[in-house]
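Structure at a glance
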Amino acid sequence: MGEPAAPQGVPSPSLLEALSRRAPRLPLHLPAHGRGRGLAPGLRQLLQLGPGSWDLPELPEIGAPLEPEGAVAEAQRRCAALLRADHCWFGVNGASGLLQAALLGLCPPGGRVLLPRNLHRSLLHGCVLGGLEPLLYNLPFDSHGGLWQPPSPRHLEQVLIAAAHGGTPVAALVLLDPTYQGLAADLPGLLAVARGPLGVAAAGRADGLPVLVDQAHGRGEAVAAGADLVVLSLQKNGGGLAQSAALLAQGPRIVPEALERALLWLQTSSPSALLLASTAAALEHAHSPAGRRQRQRSESRARKLAQRLTAAGLPLLPNADPLRLVLATAPLGINGLEADAWLLERGVVAELPEPGALTFCLGLAPPLALERSLPWWLKQLRRSLGKAPLPPFQPPPLPLVAAPEWPLGQAWRAPSERIPLAACQGRVAAAPLCPYPPGIPLLVPGERIDAARADWLAQQAQLWPGQMPASVAVVVEGPGAEIRVRR
Ligand SMILES: Cc1ncc(COP(=O)(O)O)c(C=O)c1O
């Protein structure tokens, strides 16, 4: 999340100054290497060489992600083998860039792709680039924590039935696992549904629905579960630098040449050797005995901390990743954004504030002060801001599966005007409404806003103070405007 914001009127430090400053009291945000403490050892050694000596171009001995020979190709082959995938490509534009390439490599232009409502916004950008039609599927919602939940296999069955309605085949299904808050899905169960009769019917192909799993917050477990494509972000759940990422692929449903073509279109022609090495070092370390011991140590500290916090009456949301500590702020009567601002002023920097929860990323080598400081500050937070529990959050009023009324890219590029949320009923969104983090759009370009959605969005603006505007960009429809409604 960064350091406490400078008060208004005080000039910001230069970027170099900002990066050279001492760490705040308790930085509990991404990257997971935690200001270098948990960096993959090979990467740490590299960074200790003469500054810049490692910043090399695609010399023959080094190569690049799309070159068949060289150190990068070798490292990609080793990482594919470690994760038991057929192919691995490194990326230097984060999970965002590789999710986009994955979509373009998996779906033909105009293809329909099933995307979860809690998708990262980069997937929408991928749909625009590939001219794809997003079929947005709704998810179970926890009204107490205000969080979207992973779908169950039964839920996915209903989604596929709804998606098959209308007859046009679905090109791909995107799953998100785990979520930013460490909530994990039953991946084998979900993949079995995608490969079963309902997946076959939705995809209109005998081998079932191709599946891309966004594992930006995961460690590649989706490969073993049978996903066709998996995207990892090595700074979120590994010891890599920001922007290091990997795309893993396996099985007969993928076409490697199509993926390579998409990577060629979307990735820089001068990939940073440092970021490529960061991906390789982080993946190899995670699968080494030393890497496993490091994670076990950190997870054991995290579990003990969670027990202490719970014993102190501080409510945590249960999840599958001990290194993502999710404080349920709603039962304490505190909006997570308010809690975050209060803690930030005191040097405790969380990763993800949301209306009902505050997620701390403890990282692969949590700060030494963690156990001493965090319980104390959270008790102070409760004492200072705690009130009666917040009322339950209203689930988003969304159909199980829906495509935007206007084609996504067309709505996004259409003549638009900005109007107050209070006046948006009946209008078509021209841009996403997307608090960041987590970067999950609450409204997608091309969606027509009905009365229930307009009310819900107005409520969201209250719940995300400072993170979401009270206005929205909408398409100017009518005579003179370019209107090409899909159906
Ligand atoms: C679920 C999810 N997917 C993808 C991304 C994009 O990752 P990156 O920032 O590495 O591009 C994020 C970023 O927060 C995310 O939360």
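In this report, the structure presented in the accompanying data block is examined.

**So, the overall build of the chain**
- Looking only at helices and strands, one finds 16 helices and 17 strands in the chain.
- Since a compact globule built from 487 residues should have a radius of gyration of about 23 Å, the 23 Å found for the chain is in line with a globular shape.
- Burial status across the chain gives 55% buried among its 487 residues.
- Here the analysis covers contacts within the chain between residues at least 6 apart in sequence; of these, 68% occur between residues at least 24 apart.

**Some words on the packing of helix α4 (residues 94-106) against helix α10 (residues 256-266)**
- Relative orientation of the contacting elements α4 and α10 amounts to 135°, with a least axis distance of 8 Å. In terms of orientation, α4 lies oblique with respect to α10. Remark: the crossing between α4 and α10 carries right-handed chirality. Seen from α4, the contacting residues are Gly97, Leu98, Gln100, Ala101, Ala102, Leu104 and Gly105; seen from α10, they are Ala258, Leu259, Ala262, Leu263, Trp265 and Leu266.
- Across the contact of α4 with α10, the residue classes break down as 10 nonpolar, 3 polar and no charged.

**Considering the site of the ligand**
- Every residue lining the ligand is accounted for by Gly94, Ala95, Ser96, Leu99, His120, Leu176, Tyr180, Asp214, Ala216, His217, Ser233 and Lys236.
- Between an oxygen atom of the ligand and a side-chain N or O atom of Ser96, the distance comes to 2.6 Å.
- One of the side-chain nitrogen or oxygen atoms of His217 is found 2.7 Å away from an oxygen atom of the ligand.
- Among the elements that make up the shell around the ligand, the one with the highest residue count is α4 (4 residues).

**A few points about the sheet that holds strand β15 (residues 401-402)**
- Here 8 strands make up an open sheet; going across it, the order is β2-β10-β9-β8-β7-β3-β4-β15 and the pairing mixed. In the strand order of this sheet, the two ends are held by β2 (87-91) and β15, each with one partner.
- Bridge count for strand β7 (residues 170-176) against strand β8 (residues 211-215) is 4 bridges, and the pairing is parallel. Across the sheet, the residue bridging to Val174 is Leu212, located in β8.

**Some thoughts on a nonpolar patch on the surface**
- Together, Leu66, Leu264 and Trp265 give the surface a local cluster of nonpolar side chains, amounting to about 350 Å² of exposed area.
- Note on placement: Leu264 falls in helix α10.
- The class of Leu264 is exposed, set by a relative accessible area of 58%.

**Remarks on the pairing of strand β4 (residues 133-137)**
- In terms of burial, β4 is a largely internal element, 5 of the 5 residues being buried.
- Side chains Glu133, Leu135 and Tyr137 of β4 all project onto a buried face; the interleaved residues Pro134 and Leu136 project onto the opposite face, where all are buried too.
- Inspection of the sheet shows strand β3 (residues 112-116) paired to β4 by 5 bridges, in the parallel sense. Of the residues in β4, the one forming a bridge with Arg112 is Glu133.
- Between β3 and its parallel partner β4, the chain crosses via helix α5 (residues 121-130), and the hand of that crossover is right-handed.
- Here 2 bridges tie β4 to β15, and the two strands are oriented antiparallel to one another. When the bridges of β15 are listed, Leu136 appears paired with Ala402.

**Quick notes on helix α12 (residues 289-311)**
- Relative to the 33 Å expected for 23 residues at 1.5 Å per residue, α12 spans 33 Å between its end C-alpha atoms, a close match to the ideal helical length.
- Looking only at α12, the buried set comprises Gly291, Gln294, Arg295, Ser298, Glu299, Ala302, Leu305, Ala306 and Leu309.
- Among the structural elements, α11 (273-286), β11 (324-328) and α14 (370-385) are those in contact with the buried residues of α12.
- Looking at the residues trailing α12, positive phi occurs at Gly313, about 80°.

**A word on the pairing of strand β10 (residues 245-249)**
- The buried fraction of β10 is high, at 5 of 5 residues.
- Every second residue of β10 is oriented toward a common face, with Ala245, Leu247 and Ala249 on one face and Ala246 and Leu248 on the other, all of them buried.
- Pairing geometry for β2 and β10, over 5 bridges, is antiparallel. Paired with Phe90 across the two strands is Ala246, which belongs to β10.
- Across 5 bridges, strand β9 (residues 229-233) lies against β10 in antiparallel orientation.

Calculation criteria
Note that residues are indexed from 1 along each chain, following the sequence as it is written. In keeping with the predicted nature of the model, local features appear solely for residues at pLDDT of at least 70, side-chain atom pairs appear and are counted solely at 80 or more, and the whole-chain, interface and lining totals rest on all residues. With hydrogens and water set aside, each side-chain value is computed from the structure's full complement of heavy atoms. Put simply, DSSP H or I for four residues or longer makes a helix, DSSP E for two residues or longer makes a strand, and each gets a number counted from the N terminus. We compute the radius of gyration over the C-alpha atoms and compare it with the globule rule, which gives 2.2 Å times the number of residues raised to the power 0.38. Only protein chains enter the calculation, and the probe is 1.4 Å; a residue is then buried if its accessible area is under 20% of its type maximum, exposed if over 50%, and partly exposed in between. Here, two residues are considered to be in contact whenever any of their heavy atoms come within 4.5 Å of each other. Helix axes are fitted to C-alpha atoms over the stretch in contact, other axes to C-alpha atoms as well, and angles between N-to-C directions run from 0 to 180 degrees. Here roughly perpendicular refers to angles of 65 to 115 degrees, roughly parallel to angles under 35, roughly antiparallel to angles over 145, and oblique to all remaining angles. Rotating anticlockwise by less than a right angle from the far helix to the near helix defines a left-handed crossing, while the corresponding clockwise rotation defines a right-handed one. Note on residue categories: nonpolar means Ala, Val, Leu, Ile, Met, Phe, Trp, Tyr, Cys or Pro, charged means Asp, Glu, Lys or Arg, and polar means any other residue, Gly included. When at least one non-hydrogen atom of a residue lies within 4 Å of a molecule or strand, that residue is treated as near it. Two N or O atoms form a polar contact when they lie within 3.5 Å of each other; inside protein one atom must be a possible hydrogen donor and the other a possible acceptor, and for residues adjacent in sequence the pair counts only when both atoms belong to side chains. Between any two strands, pairing holds if DSSP finds at least two bridges. For patch detection, residues must exceed 30% relative accessible area and be free of salt bridges, and they are connected within 9 Å for like charges or within 5 Å for nonpolar side chains (Val, Leu, Ile, Met, Phe, Trp, Tyr). To measure how exposed things are, a 1.4 Å probe is used in the Shrake-Rupley method; for residues, cover is taken only from the protein chains shown. The term salt bridge refers to a pairing of a side-chain nitrogen on Lys or Arg with a carboxyl oxygen on Asp or Glu at a separation within 4 Å. Seen with its strands pointing away from the viewer, a crossover is right-handed when the path leading from the first strand over the helix to the second is clockwise. Here the expected length of a helix is defined as 1.5 Å per residue gap, with one fewer gap than residues.

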